[in-house]
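Summary of the model geometry
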Amino acid sequence: MSVMRRFLFPCLVMLLPALFHSLPAAAQSEAMSFTAWRDTSGVAWGEGVRNYIFAIGEITDDTPKALSSAISRFGAGPGTILVLNSPGGSLPAGLEMGEIIRSHGLWTEVGTRVPLALGLTPNVSPAYFPYVRAGKSPPFPGYCYSSCTLAFLGGVVRTVSFTSDYGVHRFYFEGQQPSAEEGVAAGEEGMAEIAHYVKEMGVDPDFIQEMAKKGRSATTHLTEQRMAELNITTPYWRTNWSIQEGNGNFYYDGQTLDASGKRDDIFVYCGDQQQQAAGHVVLMDVYMDAAGRVDPASFVPGITDYNLRLDQFGQIFSNSDKEVVRRAFVSTATGRIGVSLGFTLDQFSLVTGSHYMGFAFYNPNSQVNFFGTTVTIDQDGLDHFARRCLPPSDTDFTLSNVGSEPLTILLTRTAGAAQFGGNELGAALAPNAKAKITMPHYHGCQFDLLMQYADKSSVGEYNVNLCAFGGISVASPARPGSDQSANIAIKNAGKKPISALYITPTSDNYWGPNLLAGNDPAHPSAIAPGATGRFPVGIAQTCQFDMKAQFAGGEVEQKINQNLCAFDQLGFAAPP
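In this text the structure is predicted, and so the values were computed from the model without any measurement. (Residues numbered from 1 in each chain as written. Predicted model: local features only at pLDDT ≥ 70, side-chain atom pairs only at ≥ 80, totals over all residues. Heavy atoms only, no water.)

1. A look at the overall build of the protein chain
- The helix and strand inventory of the protein chain stands at 11 helices and 32 strands.
- Within the protein chain, the fraction of its 576 residues that count as buried is 46%.
- In the protein chain, 69% of the contacts between residues at least 6 apart in sequence involve partners at least 24 apart.
- With the model as given, the accessible surface of the protein chain reaches about 26800 Å², and the carbon-plus-sulfur share is 51%. (Helix = DSSP H or I, 4+ residues; strand = E, 2+ residues; numbered from the N terminus. Buried < 20%, exposed > 50% of the residue type's maximum accessible area, 1.4 Å probe, protein only. Contact = heavy atoms within 4.5 Å. Areas by Shrake-Rupley, 256 points an atom, 1.4 Å probe, with all protein chains shown as cover.)

2. Quick word on the sheet that holds strand β24 (residues 446-453)
- Taken together, 3 strands build an open sheet; the order of strands is β22-β24-β25 and the sheet is antiparallel. Strands with a single pairing partner mark the edges of an open sheet, and in this sheet they are β22 (407-414) and β25 (458-465). Pairwise comparison of adjacent strand axes, ignoring direction, gives a mean angle of 15 degrees for this sheet.
- Bridge count for β24 against β25 is 6 bridges, and the pairing is antiparallel. The residue of β25 that forms the bridge with L449 is E461. (Pairing = 2+ DSSP bridges. Axes fitted to C-alpha atoms, helices over the stretch in contact; angles between N-to-C directions.)

3. As for the packing of aromatic side chains
- Tallying each qualifying case throughout the model produces 15 aromatic pairs.
- Ring geometry for W241 versus Y252: centroids 5.5 Å apart, planes at 20 degrees, classification stacked. On the criterion of sequence distance, the pair formed by W241 in strand β11 (residues 237-246) and Y252 in strand β12 (residues 249-258) is long-range, its members being 11 residues apart.
- On the basis of relative accessible area, W241 is assigned to the buried category, the value being 18%.
- For Y252, a relative accessible area of 7% translates into the label buried.
- Ring centres of Y306 and F361 lie 5.8 Å apart, and the angle between their planes is 70 degrees; this geometry places the pair in the edge-to-face category. Remark: F361 occurs in strand β19 (residues 356-362) and Y306 occurs in strand β15 (residues 305-310); sequence separation between them is 55 residues.
- The exposure class assigned to F361 is buried, which follows from its relative accessible area of 0%. (Phe/Tyr/Trp six-rings, centres within 6.5 Å; stacked < 30°, edge-to-face > 60°.)

4. With respect to the pattern of salt bridges
- Across all of its chains, the model carries 6 salt bridges by this definition.
- R293 is the partner of D264 in a salt bridge, and the nearest nitrogen-oxygen pair spans 3.7 Å. Highlighted residues: D264 in strand β13 (residues 263-270) and R293 in the loop between β14 (282-288) and α9 (296-299), separated in sequence by 29 residues.
- Put simply, E210, R226 and E229 are held in one network by salt bridges that share partners. (Salt bridge = Lys/Arg side-chain N within 4 Å of Asp/Glu carboxyl O.)

5. Considering unusual backbone geometry
- Here S146, not a glycine, exhibits a phi torsion of approximately 60 degrees, which is positive.
- Turning to its location among the elements, S146 is positioned in the loop between β6 (143-145) and α4 (147-152).

6. Digging into the packing of helix α2 (residues 63-74) against helix α3 (residues 91-103)
- At a closest axis distance of 8 Å, the pairing of α2 and α3 adopts a crossing angle of 20 degrees. By the angle between their directions, the pair α2 and α3 is classed as roughly parallel. The way α2 lies across α3 gives a crossing that is right-handed. Along its contact with α2, which presents T63, P64, L67, S68 and I71, the element α3 presents A93, E96, M97, I100 and I101. (Parallel < 35°, antiparallel > 145°, perpendicular 65-115°, else oblique. Left-handed = near helix turned anticlockwise from the far one by under 90°.)

7. Remarks on the state of the cysteines
- Inspection of every chain in the model, using the stated rule, returns 1 disulfide.
- A sulfur-sulfur distance of 2.1 Å marks the disulfide that ties C144 to C148. An S-S torsion of about -115 degrees defines the bridge between C144 and C148 as left-handed. A single burial state applies to C144 and to C148, both of which are buried. (Disulfide = S-S within 2.5 Å.)

8. Observations regarding the confidence of the model for the protein chain
- Of the residues in the protein chain, 75% have a pLDDT of 70 or more, and the chain-wide mean is 78.
- Confidence scores differ between elements of the protein chain, with strand β1 (residues 12-14) showing the lowest mean pLDDT of 35 and α2 the highest of 97.
- Low pLDDT, under 50, characterises residues 1-28; the predicted model gives this stretch 78 contacts beyond four residues in sequence or across chains.
- Per-residue pLDDT stays below 50 along residues 175-180; that stretch engages in 2 contacts with residues further than four places along the chain or on separate chains. (pLDDT = per-residue confidence, 0-100.)

9. Some thoughts on the environment of S68
- Residue position: S68 is located in helix α2.
- Separated by 33 residues in the primary sequence, S68 and I101 have C-alpha atoms spaced 8.8 Å apart.

10. Considering the nonpolar core
- Ranked by internal contacts, the top residues of the largest apolar core, which has 40 residues, are L150, F152, L153, Y166, V198, F207 and I232.
- Residue assignment for this core shows that the elements contributing at least two residues are β3 (50-56), α2, β4 (81-85), α3, α4, β8 (165-168), α5 (180-200) and α6 (206-212).
- No other element matches α3, which puts 6 residues into this core.
- If sequence neighbours within four positions are ignored, F207 has contacts with T149, L150, L153, Y166, V168, V198, L230 and I232.
- A290, F343, L345 and V375 belong to the second largest nonpolar core, which has 37 residues in total. (Core = buried A, V, L, I, M, F, W, Y, C linked by side-chain atoms within 4.5 Å.)

11. A short note on the pairing of strand β28 (residues 498-505)
- Extensive coverage of β28 is indicated by the burial of 6 of its 8 residues.
- Inspection of the sheet shows β28 paired to strand β30 (residues 544-551) by 7 bridges, in the antiparallel sense. Looking at the pairing, P505 lines up with F545 of β30.

12. A word on the environment of V286
- Tracing the chain through its elements places V286 in strand β14.
- On the basis of relative accessibility, which here comes to 1%, the residue V286 falls in the buried class.

13. Observations regarding the sheet that holds β4
- An order of β2-β3-β4-β5-β7 is seen for the 5 strands of this open sheet, with the pairing classed as mixed. The open sheet has two edge strands, β2 (33-39) and β7 (158-160), and neither has a second partner. Pairs of neighbouring strands in the sheet enclose a mean axial angle of 20 degrees, with direction left out of account.
- Of the strands in this sheet, β2, β3 and β4 are in contact with α2, which crosses β2 at around 30 degrees.

This is the structure in structure tokens:
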């Protein structure tokens, strides 16, 4: 498209931000200048050499011409990163810059070549600044306001690093004001041009609303989340997950395409009987495109380490023969470098609990020491797929419907997880009927349960230890108020006797008597490890009770706000 017609906006510029006074005087008045920098620090990571152009200063009418000259002078091309640090300036010039950036296939980033600590976004609390890792090489945190934000959109790949600031606002006329009629016409056509430009650059049209959200004297500082939602920033890679079938087996395929067009594949599948016997319930094959990054034939023989990292757990394993089922090899069909990894139940639960996974080969004798890939994890998809791989679990439990309505839905999730999975009931569970439910024990024992009846009433139980008891009885939550008692079974799932037990309504402010005090012949004086004791609990007024078990060694476990109308058995285990 053509850039905005200058004759319509002879005096149109973007408003400088409210934080303008905090910028150095030179940045307030100097026209944008361009310098080049070649970064070789990524060579050891298989990223190759990165070429940067740093664009610093105000955007003037002459800036697009200066940018074109710099691109030619520095030999910039697709993948060269244009780093912007600018208060903005001319709106038409900003749009023209974006067109030039896109036509040359440049990437854009907000930052600066020297660590001036400018443009720290107000979306990040100052309390975090001491914990932000200081960069050892450019780009350092910077700012991009006003027409700079539109020029930035021209990048094929767009990045705003943590603490850098990206701020938008309305444009306005500076100097001699046009008549009302001229101003309206110019404003309408100007916004139409911007909307067309934003769409052409692949950005959500709601970007225009963010620009107009505040008045001419206020800047909207966009958060990382909002910029991602509007596609202002783009990921360096995208991973698409899908279930595939091959050689009679199903596998979960994650295809990752990075900004350079390299494709890596992650294949997740179930281990065979022999592999599961060795602890490898879930296997993962990693295939990486080495073209243009390393020579597979020379790189693979020198690999000494395998490094798998997750966003919240750090490194899981490294160079272990137990986890590396098949060491690195070169695919004869594709020339890609591959490896087969085996996961125990606990290890794979860490994978499905993370958002990102990075894997790299390490060859200390190669110019490229690390060669790896980064994957966006489909948490729910991988979690449900992995359930197919599990052998019979020791977390099976019996669900009993003691209500008067059919139980139609049972949803489960790992305790505290963001989303519930699918309905675990293949068919409705009739009143007084029972069903055996199998839960994956590689997530531990703590689960949240949500159940719904045919009359649409529902019961939720949270943070339930399914390893500690074998049965749950549930009924529509209309039982409180009747003259009933629940005969609750308490199982000792620990290794020491339970010497004291308290069961008290949640509404009470005190624990009440110890039910194992020995003064009631119907109750034991202690519950031995593995044994079960039964205790009547009145539920005429409430189902919600607090429970505390004290073990012979002094350890204490509490269960707070438990719905005793929904269970016929609960388990306690001493804290580890």
